[in-house]
Amino acid sequence: MVKRVQHAADTQTPPEAFLVQGVSISKPDRVLYPQSDLTDSDITKGAVAEYYSAISPRMLPYLQDRLLATFRCPDGIGVLCFFRKHATNAEEGTGILSVREASGATGTYVYVKDVTGLLSEVQMYTLEFHIWGSHINTLEQPDLLVFDFDPDPGMELVQVRQGVKDLKTCLDDLALRSYLKTTGGKGYHLVVPLRPQASWETLQSFAKKMAERMEARWPERYTNSSRKNARHGRIYIDWERNVRGATAVCPYSLRARERATVSLPIAWDELDFIAPDGITLQTALARLDDEDPWRNFFVISQELPKS
Ligand code: ATP
Ligand code: MN
């Protein structure tokens, strides 16, 4: 639903408003992703708004009613971008919630309620959406377990892909369904949907157990120690990520990186064929008519195994 609204004859101010999903997007022609050697053309704020509008039916189930950190680039990628973690006021279609932080202090966070909130964030120059692993109604019971696979410098992609496959094997052994997405950056995220039941502590200790199991099974491939000099070419399974308050980039979020890459849900049999930065704004949109590779994500209902 994109509509240009002509303003009165006054050509000085404001030039032209741009309505997307009923949200007025100012400066729609501002370039947020400048053309480069790797891209055909500029990507404007208006095009970013149209992307999020088009992708919203697929994205909202993951974004809605979760506390957020947003990454904003008012002058385009690479120029004065910033993470916005704490919020003071709610834009239309968003809400704010004060929660206790690990430090003991109270932090106020924003969450998106609906497509209006999604576009309100775009209006405020949000390019990246990063979500908590729990829903605001069940804040202390996470429903997303995320494993982040990043290559160390010099590591081949084939090794990262093997790591993702090996972890899937370990999860399959426990009858836990897992889902794969590109990050739009250097690695992949493997996501396990859960019934909101267990605590954050239980989630993290399960993630640690999986890292230990990987190391025990393939000691030449994996380590659960984060110390860089203990790795010796092995992959560090970053179990520490799943703490209360940590975020992961939301499925379907753009990245504020060259070529407007996307963190896109993909099918398991695409792992060997799609690079972590292999999906862009354009290719994500082109895949919208295809079947949703995560279609059962919210249907399956599973919990962490006891012990
Ligand atoms: P890549 O594949 O390039 O690693 P990524 O999204 O996994 O992409 P990481 O640097 O591994 O990037 O970070 C993992 C997650 O941690 C991010 O998705 C993000 O949600 C969160 N994160 C990273 N840096 C920050 C930050 N400065 N502020 C808030 N959250 C952050
Ligand atoms: Mn990562």
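Residues numbered from 1 in each chain as written. Chains lettered and ligands numbered in written order. Predicted model: local features only at pLDDT ≥ 70, side-chain atom pairs only at ≥ 80, totals over all residues. Heavy atoms only, no water.

Moving on to unusual backbone geometry. Even without being a glycine, Leu80 presents a positive backbone phi close to 50 degrees. Structurally, Leu80 can be placed in the loop between β6 (68–72) and β7 (82–84). The exposure class of Leu80 is exposed, given its relative accessible area of 67%. Phi angles above zero are rare outside glycine, and Tyr125 is one such case at about 75 degrees. Within the element layout of this structure, Tyr125 appears in the loop between α2 (115–123) and β10 (126–131). On the accessibility criterion, Tyr125 (11% relative accessible area) is buried. (Helix = DSSP H or I, 4+ residues; strand = E, 2+ residues; numbered from the N terminus. Buried < 20%, exposed > 50% of the residue type's maximum accessible area, 1.4 Å probe, protein only.)

Lining the immediate environment of ligand 1, one finds 15 residues, of which His130, Asp148, Asp150, Thr183 and Gly187 sit closest. One nitrogen or oxygen atom from the side chain of His130 is found 2.5 Å from an oxygen atom belonging to ligand 1. Between an oxygen atom of ligand 1 and a side-chain N or O atom of His189, the distance comes to 2.8 Å. Grouping the amino acids of the shell around ligand 1 by side-chain chemistry returns 3 nonpolar, 6 polar and 6 charged. (Near = heavy atom within 4 Å. Polar contact = N/O pair within 3.5 Å; in protein donor to acceptor, adjacent residues only side chain to side chain. Nonpolar A, V, L, I, M, F, W, Y, C, P; charged D, E, K, R; others polar.)

Turning to the coordination of the manganese ion (ligand 2), a few remarks are in order. The manganese ion (ligand 2) binds to the protein through Asp148 (OD), Asp148 (OD) and Asp150 (OD); the donor distances cover 2.1 to 2.7 Å. Geometry at the manganese ion (ligand 2) is irregular, judged from its 6 donor atoms and the angles of 52 to 161 degrees they form at the metal. (Donors = N, O, S within 2.8 Å, 3.2 Å for Na, K, Ca; no water. Tetrahedral: all angles 85-135°; square planar, octahedral: opposite > 155°, others 65-115°.)

Evaluated as defined, the whole model comprises 18 salt bridges. Here Glu212 and Lys208 are joined by a salt bridge, their closest N and O atoms 3.5 Å apart. Of the two residues, Glu212 and Lys208 both sit in helix α4 (residues 200–217), 4 residues apart, roughly one turn of that helix. The class of Glu212 is partly exposed, set by a relative accessible area of 35%. Taken together, the salt bridges that share partners define one network made up of Asp148, Asp238 and Arg241. (Salt bridge = Lys/Arg side-chain N within 4 Å of Asp/Glu carboxyl O.)

Axis separation between helix α1 (residues 45–63) and α2 bottoms out at 9 Å; the angle between their running directions is 140 degrees. By crossing handedness, the relation of α1 to α2 is classed as right-handed. Across the interface between the two elements, Lys45, Val48, Ala49, Tyr52, Ser53, Ser56, Met59, Leu60 and Leu63 of α1 pack against Val115, Leu118, Leu119, Val122 and Gln123 of α2. (Axes fitted to C-alpha atoms, helices over the stretch in contact; angles between N-to-C directions. Left-handed = near helix turned anticlockwise from the far one by under 90°. Contact = heavy atoms within 4.5 Å.)

Moving on, we come to the packing of aromatic side chains. Any two aromatic rings considered together are summarised by their centre-to-centre distance and by the angle between their planes. Here the structure, examined in full by the defined rule, presents 13 aromatic pairs. Residues Tyr62 and Tyr252 carry aromatic rings whose centres are separated by 6.4 Å and whose planes lie at 40 degrees to one another, so their mutual orientation is tilted. Remark: Tyr252 occurs in the loop between β16 (248–249) and β17 (265–266) and Tyr62 occurs in helix α1; sequence separation between them is 190 residues. Exposure class is identical for Tyr62 and Tyr252. Each is buried. Where Tyr62 meets Phe297, the ring centres are 5.2 Å apart and the plane angle is 75 degrees; that geometry is what we call edge-to-face. One end of the pair, Tyr62, is in helix α1; the other, Phe297, is in the segment after α5 (281–286), and 235 residues separate them in sequence. (Phe/Tyr/Trp six-rings, centres within 6.5 Å; stacked < 30°, edge-to-face > 60°.)

Before going further, it helps to spend a moment on α4. Over its 18 residues, α4 extends 26 Å from the first C-alpha to the last, a length consistent with the 26 Å expected when each residue adds 1.5 Å. Within α4, burial applies to Trp200, Leu203, Phe206, Ala207, Met210, Ala211 and Met214. Relative to the axis of α4, the buried residues are bounded by an arc of 140 degrees and lie together on one face. Summarising the geometry of α4, the exposed residues directed more than 90 degrees from the buried face are Glu201 and Ala216. (Expected span 1.5 Å × (residues − 1). Arc of directions from axis to C-beta.)

Ordered by their spatial adjacency, 4 strands build an open sheet running β11-β13-β12-β17, and the pairing between neighbours is antiparallel. Whereas interior strands pair on both sides, the edge strands pair on one side only; in this sheet they are β11 (144–149) and β17. Pairing of β11 with strand β13 (residues 188–193), which is carried by 6 bridges, proceeds in the antiparallel orientation. Across the sheet, Leu145 pairs through a bridge with Val192, a residue of β13. Contacts from helix α3 (residues 157–173) reach β11, β12 (179–182) and β13 within the one sheet, and its direction differs from that of β13 by about 10 degrees. (Pairing = 2+ DSSP bridges.)

Tallied over the entire structure, the rule returns 1 disulfide. Summary of cysteine pairing: Cys250 is not part of a disulfide, and the nearest cysteine sulfur, belonging to Cys73, is at 17 Å. Classification of Cys250 by relative accessible area gives buried; the value is 0%. (Disulfide = S-S within 2.5 Å.)

Every second residue of β12 is oriented toward a common face, with Tyr179 and Lys181 on one face and Leu180 and Thr182 on the other, all of them buried. Bridge analysis of β12 against β13 gives 4 bridges, and the strand direction is antiparallel. Residue pairing across strands places Thr182 opposite Tyr188, the latter belonging to β13. Connecting the antiparallel pair β12 and β13 is a turn made up of 5 residues, with Gly184 showing a positive phi of about 80 degrees. Sheet topology note: the β12/β17 ladder contains 2 bridges and is antiparallel.

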